[in-house]
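# Remarks on the overall topology
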Amino acid sequence: MRAFLLLFLIFPVLELYVFFKVSTAIGFFPALLLIIAGSALGVLVVRVAGLATALRARESLQRGELPAEDMFHGLMLALGGGLLLLPGFISDVIGLVCLLPFTRRLLGRKMRERAEAQAMRQRAFGDDPFMARPGQPGGHQPTVIEGEVVGREDPAQPNLRNPRDL
């Protein structure tokens, strides 16, 4: 959490520093036009990519498939477009990296591998304690004691044995 807060505080300062350096190299107004063009590109990407992702997801659902891959690509496109919307050159570069198809595939593959590893860990530690284990032929079966609850009936409380009293 501290790293996120530190990044949240340092990122605008870095963006201002890079803007200052770029504006001294190419001029203030060309640098400002580049930032405005990046924001316009971000709006365009978010609109077009959002619609395209929704259509691909609907097609996947109609085929009976889960649109997880399409949703991840849509998320990456939305993240890239959102970063392009932010004013600054660092966020524009990161947004453009998110928009490139090969980086989306690479990140998608890494996320899938991480999710599969997490699922395997959960499966390994989430075994049912009543299932058969190595060295135990039938496994451990729980002890069940049947009985009936007997207690003093309160006249103010409804009789739970009669559904009309509820």
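Residues numbered from 1 in each chain as written. Predicted model: local features only at pLDDT ≥ 70, side-chain atom pairs only at ≥ 80, totals over all residues. Heavy atoms only, no water.

The protein chain carries the name Membrane protein FxsA in an unreviewed UniProt entry, which gives Pseudomonas vranovensis as its organism.

## A closer look at the packing of aromatic side chains
In this structure the tally under the stated criterion is 3 aromatic pairs. Where Phe19 meets Phe28, the ring centres are 5.8 Å apart and the plane angle is 80°; that geometry is what we call edge-to-face. Given the relative accessible area of 17%, Phe19 is considered buried. Consider the rings of Phe28 and Phe29, whose centres lie 5.3 Å apart with planes at 75°: the pair is edge-to-face. Residue classification places Phe28 among the partly exposed positions, given a relative accessible area of 43%. Look at Phe29 and you get exposed, because its relative accessible area is 59%. What links up through ring pairs into an aromatic cluster is the set Phe19, Phe28, Phe29 and Phe89. (Phe/Tyr/Trp six-rings, centres within 6.5 Å; stacked < 30°, edge-to-face > 60°. Buried < 20%, exposed > 50% of the residue type's maximum accessible area, 1.4 Å probe, protein only.)

## Details of the packing of helix 3 (residues 68-85) against helix 4 (residues 89-99)
The contact between helix 3 and helix 4 brings their axes to 7 Å, and the two run at 160°. By the angle between their directions, the pair helix 3 and helix 4 is classed as roughly antiparallel. By crossing handedness, the relation of helix 3 to helix 4 is classed as left-handed. Each of Met76, Leu77, Leu79, Gly80, Gly81, Leu83 and Leu84 in helix 3 lies in contact with helix 4, whose residues at this interface are Ser91, Asp92, Ile94, Gly95, Leu96, Cys98 and Leu99. Considered class by class, the residues forming the contact of helix 3 with helix 4 number 9 nonpolar, 4 polar and 1 charged. (Axes fitted to C-alpha atoms, helices over the stretch in contact; angles between N-to-C directions. Helix = DSSP H or I, 4+ residues; strand = E, 2+ residues; numbered from the N terminus. Parallel < 35°, antiparallel > 145°, perpendicular 65-115°, else oblique. Left-handed = near helix turned anticlockwise from the far one by under 90°. Contact = heavy atoms within 4.5 Å. Nonpolar A, V, L, I, M, F, W, Y, C, P; charged D, E, K, R; others polar.)

## Examining the confidence of the model for the protein chain
Per-residue pLDDT for the protein chain averages 80, and the proportion of residues at 70 or more is 79%. Ranking the elements of the protein chain by mean pLDDT puts helix 5 (residues 101-125) last, at 82, and helix 4 first, at 91. (pLDDT = per-residue confidence, 0-100.)

## Examining the nonpolar core
Listed in full, the 5 residues of the largest apolar core are Val45, Ala49, Leu77, Leu84 and Leu99. Those elements giving two or more residues to this core turn out to be helix 2 (28-62) and helix 3. Discounting residues that sit within four places of it in the chain, Leu77 has contacts with Val45, Ala49, Thr53, Leu99 and Arg104. (Core = buried A, V, L, I, M, F, W, Y, C linked by side-chain atoms within 4.5 Å.)

## Brief notes about a nonpolar patch on the surface
Taken together, the side chains of Leu5, Leu6, Phe8, Leu9, Ile10 and Leu14 present a nonpolar region at the surface, about 600 Å² in accessible area. Assignment of secondary structure puts Ile10 in helix 1 (residues 2-26). (Patch = residues over 30% accessible without salt bridge, like charges linked within 9 Å, V, L, I, M, F, W, Y side chains within 5 Å. Areas by Shrake-Rupley, 256 points an atom, 1.4 Å probe, with all protein chains shown as cover. Salt bridge = Lys/Arg side-chain N within 4 Å of Asp/Glu carboxyl O.)

## So, the side chain of Ser39
Looking at the secondary structure, you find Ser39 in helix 2. A relative accessible area of 18% places Ser39 in the buried class.

## Comments concerning the UniProt feature "transmembrane region" (unreviewed entry) in the protein chain
Following the UniProt record, one finds the feature "transmembrane region" (unreviewed entry) at residues 26-55 and 75-102. The annotated region residues 26-55 carries 97% helix and 0% strand content, and the separation between its end C-alpha atoms amounts to 41 Å. In the segment residues 75-102, helix accounts for 86% and strand for 0%; the C-alpha atoms at its two ends are 15 Å apart. (UniProt positions renumbered as here; feature names shortened; annotations may be inferred.)

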